[in-house]
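# Tertiary structure, described
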Amino acid sequence: MNVSSEMKDWCGQIAKRLKEYSGVDILIPFDLDSAGGALGFREFAQHVRGEPNSVKIYYAGDQDESSQSRNVFSEFKLASKMEKFDSTTYKQDPKRAVVFIDFCNPKDKRFGFSEKLIPDFVIDHHGADGTENYPEKTFILNEAIGSASTLVVEMLFAVDYKFDSNDAMIAAKSLALGVYTDTLELLMAYMRDLEAHLEMRRFFRENEFRDLATLQLSEKFLDHLAAFISNLGVKDQSIVSGIGFIKKDDRSSMFEIANQVIKSSSVNLVAVWAVIDDQVNVVVRSEKESKGGKNLDTFLKKCFGSRFAGGRLVADFWQGGAQFPLDKIIQLWNAEGKEDLIQKQVDAFVKEKIFH
Ligand SMILES: [Mn+2]
């Protein structure tokens, strides 16, 4: 695999700096890309430090954003390889390097940092959001490509890492899945993403990749899909619809529907809403150049309020969403037992905001 001389140079610097610490804490907002990036970076760090078992991985958020993610989490036994981040108990230890992978903003809501956490390294592929105030010593590797996993694959090749252990196999497979899912199944991948994916793809047994990467069409998912379709609002190549009241564990339907719909060339923006525990959740995907897509982050903040919404550019498309209390739309004491009425109002509200 071709790795740029710049990347080799950066990896040399990162390796040298990593050796100055007694251990490494990797923090990720869980999805398949950040998980692949973290498992790969752990291999990188242990390789360059020549020291096993000195790297810990902490994840924030939920591991079940998609059926693939749920599959991988159990198949690769990731619960034993990383622990849930708890902002009330985590204390930054100056002797251990803190590494942010797949995000760079210290105010990232998914972590709920109680106090300011300054990373020593950032490996990311989004904008430089929130990094303005980092001290000079923070090493930031932030390139606009399809996935963080791509960067980590390149890093492993830059230091001649050998994929010859069980941990290495799991890291490699997670990295392949990370590139795959973060680029809408390679549809939005750049050449570097494709190369990294292919290098890692070769470690799968026959059919193994397909089994892990395929969406599970559960009965529940199909119900959600049916609700989404029965309710479509379409305007100027934007599609808005909802799947009603759902349990938190079934959130993956929203992401899966949005990710599939945005792949169509006739769709510039898709928004999928659902009500979970008295909160309206909206998952949005948009093309780089669409009505909302010129800057989906700004657009959604304008629609739903900056406290409740946001978005970020990933490769050639935008991922975003909103979450706000149901009583922003309807007075709950007045709507007891009237689920149909609530759904209609939420649907009208979200459509009005996005189509206005
Ligand atoms: Mn990512």
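None of the values given here were measured: they were computed from a predicted structure.

## Focus: the overall build of the chain
- Within the chain, the secondary structure is distributed over eleven helices and twelve strands.
- Against the 2.2 N^0.38 benchmark of 21 Å for 356 residues, the chain shows a C-alpha radius of gyration of 21 Å, consistent with a compact globule.
- With the C-alpha coordinates aligned to their principal axes, the bounding extent of the chain is approximately 60 × 45 × 35 Å.
- By the burial criterion, 41% of the 356 residues in the chain qualify as buried.

## Description of unusual backbone geometry
- At Asp-236, a position not held by glycine, the phi torsion is positive, near 45°.
- Assignment of secondary structure puts Asp-236 in the loop between β7 (233-235) and β8 (238-245).
- By the C-beta count within 10 Å, which is 9 here, Asp-236 ends up exposed.

## Considerations on the packing of helix α2 (residues 32-49) against helix α5 (residues 166-182)
- One way to put it is that α2 packs onto α5 with a least axis distance of 7 Å and a crossing angle of 145°. Between α2 and α5 the crossing geometry is left-handed. Across from Leu-32, Asp-33, Ala-35, Gly-36, Gly-37, Leu-39, Gly-40 and Glu-43 in α2, the residues of α5 making contact are Asp-167, Ala-168, Ile-170, Ala-171, Ser-174, Leu-175, Leu-177, Gly-178, Thr-181 and Asp-182.
- Its residues assigned to classes, the contact of α2 with α5 comprises eight nonpolar, six polar and four charged.

## As for helix α3 (residues 67-75)
- Three or more residues of α3 are buried, namely Gln-68, Ser-69, Val-72 and Phe-73. Viewed along the axis of α3, the buried residues span an arc of 130°, placing them on a single side of the element.
- In this fold, the buried residues of α3 make contact with α2, α5 and α7 (208-213).

## Digging into the domain arrangement of the chain
- Per the domain assignment, the segments of the chain are domain 1 (5-212) and domain 2 (219-355).
- Across the contact, 15 residues belong to domain 1 and twelve residues belong to domain 2.
- Split into classes, the residues belonging to the side of domain 1 that touches domain 2 amount to six nonpolar, six polar and three charged.

## Points about the sheet that holds strand β6 (residues 139-142)
- The strand order across the open sheet built from six strands is β3-β2-β1-β4-β5-β6, with neighbouring strands paired in parallel fashion. Edge positions in the sheet fall to β3 (83-84) and β6, since each has one partner strand and no second.
- Pairing analysis gives three bridges linking strand β4 (residues 96-101) to strand β5 (residues 121-124), with the strands arranged parallel. When the sheet's bridge partners are listed, Val-99 is paired in β5 with Phe-121.
- Here helix α1 (residues 5-18) sits on the sheet in contact with β1 (23-29), β4, β5 and β6, set at roughly 145° to β6.

## As for helix α11 (residues 339-355)
- In this model α11 runs 24 Å from its N-terminal to its C-terminal C-alpha over 17 residues, within 8% of the 24 Å that 1.5 Å per residue would give.
- Along α11, the residues that are buried comprise Ile-342, Val-346, Val-350, Lys-351 and Ile-354. Along the axis of α11, the buried residues cluster in a sector spanning 155°; they form a single face. Seen from the buried face of α11, the exposed residues on the opposite side, beyond 90 degrees, are Asp-340, Leu-341, Ala-348 and Glu-352.
- Its buried side turned inward, α11 meets β7, β8, β9 (269-276), β10 (279-287) and α10 (296-304).

## Regarding the environment of Lys-107
- Of note, Lys-107 is situated in the loop between β4 and β5.
- The spatial distance from the C-alpha of Lys-107 to the C-alpha of Gly-130 is 7.4 Å, given a sequence separation of 23 residues.

## What about the nonpolar core?
- Counting residues in hydrophobic clusters, the biggest one holds 92 residues, and the most contacted among them are Ile-26, Val-99, Ile-123, Val-152, Ala-271 and Val-272.
- Counting contributing residues, this core receives three or more from each of domain 1 (5-212) and domain 2 (219-355).
- Those residues in contact with Ala-271, other than ones at most four positions away along the chain, are Val-240, Val-282, Val-284, Val-350 and Ile-354.

## Thoughts on the pairing of β1
- Most of β1 sits inside the fold, with six of its seven residues counted as buried.
- Bridging between β1 and β4 involves five bridges; their strand directions are parallel. Paired with Ile-26 across the strands is Val-99, a residue of β4.
- In this sheet, strand β2 (residues 55-60) lies alongside β1 in parallel orientation, the contact comprising six bridges. Bridge pairing in β2 places Asp-25 opposite Lys-56.

Calculation rules
Residues numbered from 1 in each chain as written. Predicted model: local features only at pLDDT ≥ 70, side-chain atom pairs only at ≥ 80, totals over all residues. Helix = DSSP H or I, 4+ residues; strand = E, 2+ residues; numbered from the N terminus. Rg over C-alpha atoms; globule rule 2.2 N^0.38 Å. Buried ≥ 20, exposed ≤ 12 C-beta atoms within 10 Å, placed from the backbone. Axes fitted to C-alpha atoms, helices over the stretch in contact; angles between N-to-C directions. Left-handed = near helix turned anticlockwise from the far one by under 90°. Contact = placed C-beta atoms within 7 Å. Nonpolar A, V, L, I, M, F, W, Y, C, P; charged D, E, K, R; others polar. Arc of directions from axis to C-beta. Domains from an automatic or database assignment. Pairing = 2+ DSSP bridges. Expected span 1.5 Å × (residues − 1). Core = buried A, V, L, I, M, F, W, Y, C linked by C-beta atoms within 7 Å.

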